[in-house]
Amino acid sequence: MPDEIIYQSYINILREELVPAMGCTEPIAVAYCAALARKTLGCKPAHVEVLASGNIIKNVKSAVVPNTGGRRGIATAAAAGIVAGREDYELQVLAEVTTEQKAEISEYLESATFDVRESDRPYVFDIQVSVSSGEHSAYVEIAGQHTNVICIEKDGEILLKKDYKEEGDGSKTDRSLLTVEKIVEFADTVNIEDVRDILKKQIDCNTAIAEEGLHGNYGANIGRILLQAYGDSVHNRAKAYAAAGSDARMNGCELPVVINSGSGNQGLTTSLPVIVYAKELNVSEDKLYRALVVSNLVTIHMKTGIGRLSAYCGATSAGCGAGAGVTYLYGGGYREIAHTIVNAVAIDSGMICDGAKASCAAKIASAVEAGLLGMQMQMHGSQFYSGDGIVVKGVENTILNVGKLAREGMHETDRTILEMMTGNITK
């Protein structure tokens, strides 16, 4: 395949994945779907029904919905989208909620009726919002990805209908073009002006929310505890900043995050350790951007085989990406980065996803630790070999194993986690 096709594809992939979002992306996707449903209906509905796939329910249950006064849950997310959502803002749908609207959201939750149930669709990612008022009704469905609207109806008339297949959204750039070797080649040669805007936004947004997490009082304050308990080494700061961003994001902070693979936590984990190490090593801005290209694309590559949502904690892949990016800062090339990824995978691949919540920050710290230990192993001439658990010969084959583990091996784990977390679904 011509190099120019690879080059432009990698640029497109970064632009598709590194987008800003405010709040945990699953409740925000519910709010976005509900905002579209209200717009389609043309008025505030008296009755709201939300059908959501298990992974959506899992990730919305415990995360604070921004601009709702600390409220959580699917009904809250839907109510916020209906009352105050700007559907044209997509994943920043709740970015401009006023003080008056916050009060209105609480009142609307009491006055309207909400019915929340599990979707019967066979999709891992599915949100359906049906709304009605008097004789009029509207329906919106999102599937596969957070803003992928596949159906809009009003009063039974189909206004939009898109074919959807669970194996992927054909409108996106082909992720199978990603390999670790090609990622490193791309990072070495990319014209920084082609990626500067998106990476600059990632640096600015994700650093700002990490600082807020360190200085505010959010969740379990994992980032701040790491610094208080283990000191100010660059190794510890890399973990603390990533965790602090999640502390804030999972617990209602209204600052935006530049996400990766549909997840703000993955965006934070992928970027902040690289940013912290770049400052410590006093590397050039150019070198930082190239390292972020490595970390982001490695995370996307690893997540492609896993899928957007699963029982496999996405921070694990992002920790591998961060380790790869920091390795690049130290002058590592394809060989060193490949060993870092394989080592990190061997360390932390058993971590489950039990929904978006305060403890995600601690899982992020663990994932960054695995990535950095994987890097230190290869720097000291140590590595895990084929036959060590799920590790097989070749970084691409090991990445394929991770995808199979998450997609197939942990399918029943996902259902068990959901049963443990929900019991019955209420608003």
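It should be noted that the structure appears before, not after, this text.
Residues numbered from 1 in each chain as written. Predicted model: local features only at pLDDT ≥ 70, side-chain atom pairs only at ≥ 80, totals over all residues. Heavy atoms only, no water.

1. Some details on the side chain of N55
- Take N55: it is sitting in helix α3 (residues 54-60).
- N55 gets classed as buried once you look at its relative accessible area, which sits at 7%.
- Of note is the side chain of N55, whose polar atom sits 2.8 Å from the side chain of D414. (Helix = DSSP H or I, 4+ residues; strand = E, 2+ residues; numbered from the N terminus. Buried < 20%, exposed > 50% of the residue type's maximum accessible area, 1.4 Å probe, protein only. Polar contact = N/O pair within 3.5 Å; in protein donor to acceptor, adjacent residues only side chain to side chain.)

2. Remarks on the packing of aromatic side chains
- Under the counting rule described, the total for this entry stands at five aromatic pairs.
- Where Y108 meets F114, the ring centres are 5.7 Å apart and the plane angle is 80°; that geometry is what we call edge-to-face.
- In this structure Y108 comes out as buried when scored by relative accessible area, which is 4%.
- Judged by its relative accessible area of 14%, F114 is buried.
- Where Y123 meets Y164, the ring centres are 4.8 Å apart and the plane angle is 80°; that geometry is what we call edge-to-face. With Y123 in the loop between β3 (113-118) and β4 (126-133) and Y164 in the loop between β7 (157-161) and α6 (180-189), this pair connects stretches of sequence that are 41 residues apart. (Phe/Tyr/Trp six-rings, centres within 6.5 Å; stacked < 30°, edge-to-face > 60°.)

3. Some words on the nonpolar core
- Ranked by size, the top nonpolar core spans 80 residues in total, and within it Y10, L297 and I341 carry the most contacts.
- For I341, the contacting residues outside a window of four places in its chain are V180, V298, M302, C320, A324 and V395.
- Grouped together as the second largest cluster of nonpolar side chains are 51 residues, V50, A78, A84 and I259 included. (Core = buried A, V, L, I, M, F, W, Y, C linked by side-chain atoms within 4.5 Å. Contact = heavy atoms within 4.5 Å.)

4. Looking at the packing of helix α1 (residues 3-17) against α6
- The N-to-C vectors of α1 and α6 enclose an angle of 85°; their axes lie 11 Å apart at closest approach. Comparing their axes, α6 and α1 come out roughly perpendicular. Contact with α1, carried on its side by D3, Y7, Y10, I11 and L14, involves K182, I183 and F186 of α6 and no other residues of that element.
- Among the residues forming the contact of α1 with α6, the class breakdown is six nonpolar, no polar and two charged. (Axes fitted to C-alpha atoms, helices over the stretch in contact; angles between N-to-C directions. Parallel < 35°, antiparallel > 145°, perpendicular 65-115°, else oblique. Nonpolar A, V, L, I, M, F, W, Y, C, P; charged D, E, K, R; others polar.)

5. Describing the environment of V97
- The topology assignment puts V97 in the loop between α4 (74-84) and α5 (99-111).
- When the C-alpha positions of V97 and P66 are compared, they lie 9.1 Å apart, and in sequence the two are 31 residues distant.
- Those residues in contact with V97, other than ones at most four positions away along the chain, are N67, A84, K102 and I105.

6. Re the sheet that holds strand β6 (residues 149-154)
- Strand order across the open sheet formed by six strands is β3-β2-β4-β5-β6-β7, with mixed pairing between neighbours. Two strands bound the open sheet, and with one partner strand each, they are β3 and β7. Neighbouring strand axes in the sheet, compared pairwise and without regard to direction, differ in orientation by 10° on average.
- By the bridge criterion, five bridges tie strand β5 (residues 136-143) to β6 in an arrangement that is antiparallel. Pairing of E141 across the sheet is with C151, part of β6. (Pairing = 2+ DSSP bridges.)

7. Concerning the packing of helix α2 (residues 25-41) against α4
- Running from N to C, α2 and α4 point in directions that differ by 45°, and their axes come no closer than 7 Å. Regarding the angle of α2 to α4, the classification is oblique. As for the relative orientation of α2 and α4, their crossing is right-handed in sense. Note on element contacts: α4 touches α2 through I74, A77, A78, G81, I82 and V83, opposite P27, V30, A31, A34, A35 and R38.
- Here the residues of the contact of α2 with α4 are counted per class, giving ten nonpolar, one polar and one charged. (Left-handed = near helix turned anticlockwise from the far one by under 90°.)

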